[in-house]
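If you want the building blocks of each chain, they are given just below.
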Amino acid sequence: MLKFVGLIGIVLSLGLVGIMKYEQLKTRVNLLEDFLQMILELKGQIGYFKEPLPLIFARAEKKGDSKAFKLLGSVESKLNQKDDEIAKIWPLAVSEIYNDMPLQKEDFDTIKYLGTFIGQTDYDNHIFHFSYLEEKLANQIADGKNSLKTKGPMYRKIGFFLGAILAILLI
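Residues numbered from 1 in each chain as written. Predicted model: local features only at pLDDT ≥ 70, side-chain atom pairs only at ≥ 80, totals over all residues. Heavy atoms only, no water.

Brief notes about the environment of Q37
As a reminder of what qualifies: For the purposes of this entry, the term helix denotes a DSSP run of H or I that reaches at least four residues, the term strand denotes a run of E that reaches at least two, and both are numbered from the N terminus. Three exposure classes are used, based on accessible area relative to the maximum for each residue type with a 1.4 Å probe and protein chains only: buried under 20%, partly exposed in between, and exposed over 50%.
Mapped onto the elements of the fold, Q37 is located in helix 1 (residues 2-49). Accessibility expressed as a relative area gives 48% for Q37, which makes it partly exposed. Once the C-alpha coordinates of Q37 and A68 are considered, the two residues, 31 residues apart in sequence, prove to be 8.5 Å apart.

Here it is, written out as structure tokens:
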């Protein structure tokens, strides 16, 4: 009886590892979609209000309770505390907020890209960079959804399958 419980435990634990991998893929897509929403909000506020960035960041942060909007709040507070440029503050804030998230290197680079141009160019260049960033994020979201659709079910099934094989071998 104890052996049977142990074998069931092995199957379930490896199955849960597969489910965890699936959830990481899902989380990546959700984080990228959230960041795209924040970009659209920020783009609209920059175009409409034409105020200093810390005020826009503070206003936009209140619109959502997600990692992307927390990023704006973190950057805004660091801008008020330090006498540094956004180009230096943004990557540090991205590293803090998205540290343990299941994002790929390309995702981090895309999120950090916003800090390279925001507040440093005129309105027309901002629109150009925002359009580029939106397109790049849309491609990454599509890639993430494709991975979720193809690899997600595979990870879940392989976890339970490997658990079952290991349990059979240990019988």
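Topic: the side chain of S147
Stated formally: We call two residues in contact when some of their heavy atoms are within 4.5 Å.
Take S147: it is sitting in helix 6 (residues 123-170). You can call S147 buried: its relative accessible area is 14%. Setting aside residues up to four positions removed in sequence, S147 forms contacts with L25 and G152.

Points about the pattern of salt bridges
Put simply, the test is: Salt bridges are identified by distance alone: a Lys or Arg side-chain nitrogen within 4 Å of an Asp or Glu carboxyl oxygen.
Tallied over the entire structure, the rule returns six salt bridges. The partner of E134 in a salt bridge is K43, with the nearest N and O atoms 3.1 Å apart. One end of the pair, E134, is in helix 6; the other, K43, is in helix 1, with 91 residues separating them in the sequence. Accessibility expressed as a relative area gives 22% for K43, which makes it partly exposed.

Here we look at the side chain of D107
Quick note on the threshold: Any pair of N or O atoms that falls within 3.5 Å is considered a polar contact. Within protein, one atom must be able to donate a hydrogen and the other to accept it, and sequence-neighbouring residues count only if both atoms are side-chain atoms.
Topologically, D107 is positioned in helix 5 (residues 105-117). Exposure remark for D107: the relative accessible area of 0% places this residue in the buried category. In terms of polar contacts, D107 uses its side chain to reach the side chain of Q140, at 2.4 Å.

Focus on a nonpolar patch on the surface
Rules: Candidate patch residues must exceed 30% relative accessible area and have no salt bridge, after which like charges are joined if within 9 Å and Val, Leu, Ile, Met, Phe, Trp or Tyr side chains if within 5 Å. Note on areas: Shrake-Rupley, 1.4 Å probe, and residue coverage restricted to the protein chains presented here.
A cluster of nonpolar side chains, contributed by M154, I158, F161, L162, I165, L166, L169 and L170, occupies part of the molecular surface with about 730 Å² of accessible area. The residue I158 is located in helix 6 in this model.

Examining the packing of aromatic side chains
Short version of the rule: Planes of paired rings set the category: under 30 degrees apart is stacked, over 60 is edge-to-face and the rest tilted, where pairs are Phe, Tyr or Trp rings (Trp by its six-membered ring) whose centres lie within 6.5 Å. A positively charged side chain is recorded as over a ring if its NZ (Lys) or CZ (Arg) lies within 6 Å of the ring centre. The angle to the ring normal must also be within 35 degrees.
This model, assessed by the stated rule, comprises three aromatic pairs. With a centroid separation of 5.4 Å and an interplanar angle of 50°, the aromatic rings of Y113 and F117 are classed as tilted. Here Y113 and its partner F117 are both found in helix 5, four residues apart, which amounts to about one turn of the helix. Take Y113: its relative accessible area is 22%, and that puts it in the partly exposed class. Considering the side-chain rings of Y113 and Y132, the 5.4 Å spacing of their centres and the 70° angle between planes classify their relative orientation as edge-to-face. Taken together, the positions of Y113 in helix 5 and Y132 in helix 6 put the pair 19 residues apart, joining distant regions of the chain. Linked through ring pairs, Y113, F117, F130 and Y132 together constitute an aromatic cluster. Here the guanidinium or amino end of K21 rests over the ring plane of Y155, the centre of that ring lying 5.6 Å away. The residue whose ring lies beneath R156 is Y22, and the NZ or CZ to ring-centre distance is 4.3 Å.

A short note on helix 3 (residues 67-81)
The test is simple: Here, expected helix span is obtained from the residue count minus one, scaled by 1.5 Å.
When the terminal C-alpha atoms of helix 3 are compared, their 21 Å separation across 15 residues agrees well with the 21 Å that a helix rising 1.5 Å per residue should span. All of the buried residues in helix 3 are A68, F69, L71, L72, G73, S74, V75, E76, K78 and L79.

Side note on the environment of Q81
Looking at where Q81 falls in the secondary structure, it is placed in helix 3. Q81 sits in the exposed class, given a relative accessible area of 64%.

A few points about the environment of I86
Looking at the secondary structure, you find I86 in helix 4 (residues 86-97). In the structure, I86 is positioned 32 residues away from I118 in sequence and 7.6 Å away in space, judged by C-alpha atoms. Residues within four places of I86 in sequence aside, it is in contact with L53, F57, L79, P91, G115 and I118.

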